[in-house]
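Letter by letter, the chains look like this.
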Amino acid sequence: MSAEVRTTTETEFADWLRAVNTGFLNSAPPKPEEVAARLAGTDLRRTWGAFDGGRCVATYRSFSQELTVPGGAVVAADAVSAVTVTPSHRGQGLLRRMITTDLGEARDRGEVVANLVAAEYGIYGRFGFGRASRTARWTIDVPRTGLDRRRWTPPEEGGRIELIDGAELRKEGPEFHDRWRVLQPGAIDRDERWWRVNTGAEESGTPFTEPFHAVYRSPEGRVEGLATYTVEGKWNDGKQPANIVSVRRLTATSPAVEGALWRFLCSLDWVVEVTAGQRSPDDLLPYYLPDPRAARLVGTADYLWVRVLDTVRALEARTYGVPGTLVLDVRDDAGVASGRYVLESTPDGASCAPTSRAADLVLGAGALGSLYLGDETPTRLAALGVLTEERPGALARAEALFHTPRRPWCPDMF
Ligand SMILES: CC(C)(COP(=O)(O)OP(=O)(O)OC[C@H]1O[C@@H](n2cnc3c(N)ncnc32)[C@H](O)[C@@H]1OP(=O)(O)O)[C@@H](O)C(=O)NCCC(=O)NCCS
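Residues numbered from 1 in each chain as written. Predicted model: local features only at pLDDT ≥ 70, side-chain atom pairs only at ≥ 80, totals over all residues. Heavy atoms only, no water.

**Details of the packing of aromatic side chains**
Point 1. Considering all chains together, one arrives at nine aromatic pairs under this definition.
Point 2. When the centroid spacing of 4.8 Å and the interplanar angle of 75 degrees are considered together, the rings of Trp-194 and Trp-195 count as edge-to-face. Side by side, Trp-194 and Trp-195 carry an identical accessibility label, which is buried.
Point 3. Ring centres of Trp-235 and Trp-270 lie 4.9 Å apart, and the angle between their planes is 70 degrees; this geometry places the pair in the edge-to-face category. Of this pair, Trp-235 sits in the loop between strand 10 (223-232) and strand 11 (243-252) while Trp-270 sits in the loop between helix 6 (255-265) and strand 12 (271-279), placing them 35 residues apart in sequence.
Point 4. Geometry around Phe-51 places Arg-6 over its ring, the cationic atom sitting 4.2 Å from the centre.
Point 5. It is Arg-190 that lies over the ring of Trp-194; its NZ or CZ is 4.0 Å from the centre. (Phe/Tyr/Trp six-rings, centres within 6.5 Å; stacked < 30°, edge-to-face > 60°. Buried < 20%, exposed > 50% of the residue type's maximum accessible area, 1.4 Å probe, protein only. Helix = DSSP H or I, 4+ residues; strand = E, 2+ residues; numbered from the N terminus. Lys NZ or Arg CZ within 6 Å of the ring centre and 35° of its normal.)

Spelled out as structure tokens, the structure:
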């Protein structure tokens, strides 16, 4: 094997981006303005490549991210992205070399977990990642909602909905998102580049369609909710409007505001269907509508994958459903998260420490990642054979401890 795995230099960055495109089956080379914009927001010390004969043949990058955990604390995460191996160089261990080095460095930097959105289910379990949240796609049959679109009224809660443009969103969105994301386990932060790319102010390599942005303001003018959507203009042969709204993102600081935004979208003139992807699997969306059956869950899949890098800090950062003690024996082939730990949850917070006490539960790093944000339950993982109860009653205790009232959700792709 001749390819050299190392970080990428500034002069190699355009070729590195070209290799990312190749790996994602996009034959177009990146435009110079995209290369310049992406370079400005990239930490080259965490931008890995494999180089063969002067050509980039594998790519991988990581960056610092904040992940909200149950209870509202945020932990430092190593966000992994742009993972590709050029088809001619697959199966030579290039991904394994890049990810092993990066996860080791992330652990040394003090990052608590690593995070990614997996293109394919089978890739990352072997590296200690577990599926940690799910995503859901919904379709709303607008005429069935029971909403009277001729009588759209402002939200009953006293706030108002306004349409704003991308420049205004860049001003108001970041502060709103920072207030929202700590309310939602599984949510991540958005950097300045995210707001520029998602408002069309920066070239990203993907064609940009200007969306609408509807904000919900409290009576005092504070942004409490945000819906970003596009509309596909469609009319049928009988000159009847059949427009479809695609919701790119909808987040709100309370269910009342969330409901008001959904009803606003379902009350737009000419619209017969509202579709929404990347929603939470336990979204309340149907119940905001007079007829909940107007909203259909049309697809669901795993979304965020989490790999615990520091078991003690990860388990201490989140809150638990009840007070209690549990001894976890974590098995991790890479040796990163492994050890036997006693977790103690009290009304004042949780503590976790290495222990020599007998284990209550034995689980792998992947199962720990799946439990961490509250998406999976110990009982389900035991049924699947990836978690073992070593002491009678331990599974029920773990169930009560790890229980979270709502499921985790990450609305963002990275
Ligand atoms: C996914 C990808 C990077 C893997 O490249 P690769 O050259 O096979 O990587 P490696 O040789 O280092 O393989 C690492 C391990 O992952 C496994 N693997 C690779 N691709 C896999 C897949 N699609 N499904 C399941 N396992 C996979 C390999 O078998 C190997 O396992 P082993 O070490 O236990 O034997 C490459 O196939 C690719 O670029 N795919 C298209 C883009 C993509 O899906 N990227 C992931 C974005 S999240």
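Next comes the rest of the write-up.
**With respect to the packing of helix 1 (residues 13-23) against helix 2 (residues 32-40)**
Point 1. Between helix 1 and helix 2, whose axes approach to 10 Å, the crossing angle comes to 100 degrees. Considering the angle they form, helix 1 stands roughly perpendicular to helix 2. Two secondary-structure elements touch here, helix 1 through Phe-13, Ala-14 and Leu-17 and helix 2 through Glu-34, Val-35, Arg-38 and Leu-39.
Point 2. Along the lines of polarity and charge, the residues of the contact of helix 1 with helix 2 split into five nonpolar, no polar and two charged. (Axes fitted to C-alpha atoms, helices over the stretch in contact; angles between N-to-C directions. Parallel < 35°, antiparallel > 145°, perpendicular 65-115°, else oblique. Contact = heavy atoms within 4.5 Å. Nonpolar A, V, L, I, M, F, W, Y, C, P; charged D, E, K, R; others polar.)

**Re the site of the ligand**
Point 1. Around the ligand there are 20 residues in total, and Val-83, Val-85, Arg-90, Gly-91 and Gly-93 lie nearest to it.
Point 2. Note that an oxygen atom of the ligand is positioned 2.8 Å from one of the side-chain N or O atoms of Arg-90.
Point 3. In the environment of the ligand, an oxygen atom lies 3.5 Å from a nitrogen or oxygen atom belonging to the backbone of Gln-92.
Point 4. Look at the ligand: alone it shows 900 Å² of surface, and the protein chains cover 74% of it.
Point 5. Counting only elements with at least two residues in the shell around the ligand, the list comes to strand 4 (74-85) and helix 3 (94-109). (Near = heavy atom within 4 Å. Polar contact = N/O pair within 3.5 Å; in protein donor to acceptor, adjacent residues only side chain to side chain. Areas by Shrake-Rupley, 256 points an atom, 1.4 Å probe, with all protein chains shown as cover.)

**Re helix 8 (residues 365-372)**
Point 1. With seven of its eight residues buried, helix 8 lies for the most part within the structure.
Point 2. Of the residues making up helix 8, those classed as buried are Ala-365, Ala-367, Leu-368, Gly-369, Ser-370, Leu-371 and Tyr-372.
Point 3. One or two residues past the end of helix 8 sits Gly-374, with phi positive at roughly 95 degrees.

**Remarks on the pattern of salt bridges**
Point 1. Taken as a whole, this structure holds 34 salt bridges when the rule is applied.
Point 2. For Asp-15, the salt bridge goes to Arg-18, with nearest N and O atoms at 2.6 Å. Here Asp-15 pairs with Arg-18, and both are found in helix 1, just three residues apart, close to one helical turn.
Point 3. Among the residues examined, Arg-18 registers a relative accessible area of 16% and is labelled buried.
Point 4. The residue Glu-111 makes a salt bridge to Arg-46 at a minimum N-O spacing of 3.4 Å. Of the two residues, Glu-111 sits in the loop between helix 3 and strand 5 (113-117) while Arg-46 sits in the loop between helix 2 and strand 2 (47-52), which places them 65 residues apart along the sequence.
Point 5. Looking at Arg-46, the relative accessible area reads 5%, which means it is buried. (Salt bridge = Lys/Arg side-chain N within 4 Å of Asp/Glu carboxyl O.)

These figures come from the coordinates and say nothing about function on their own.
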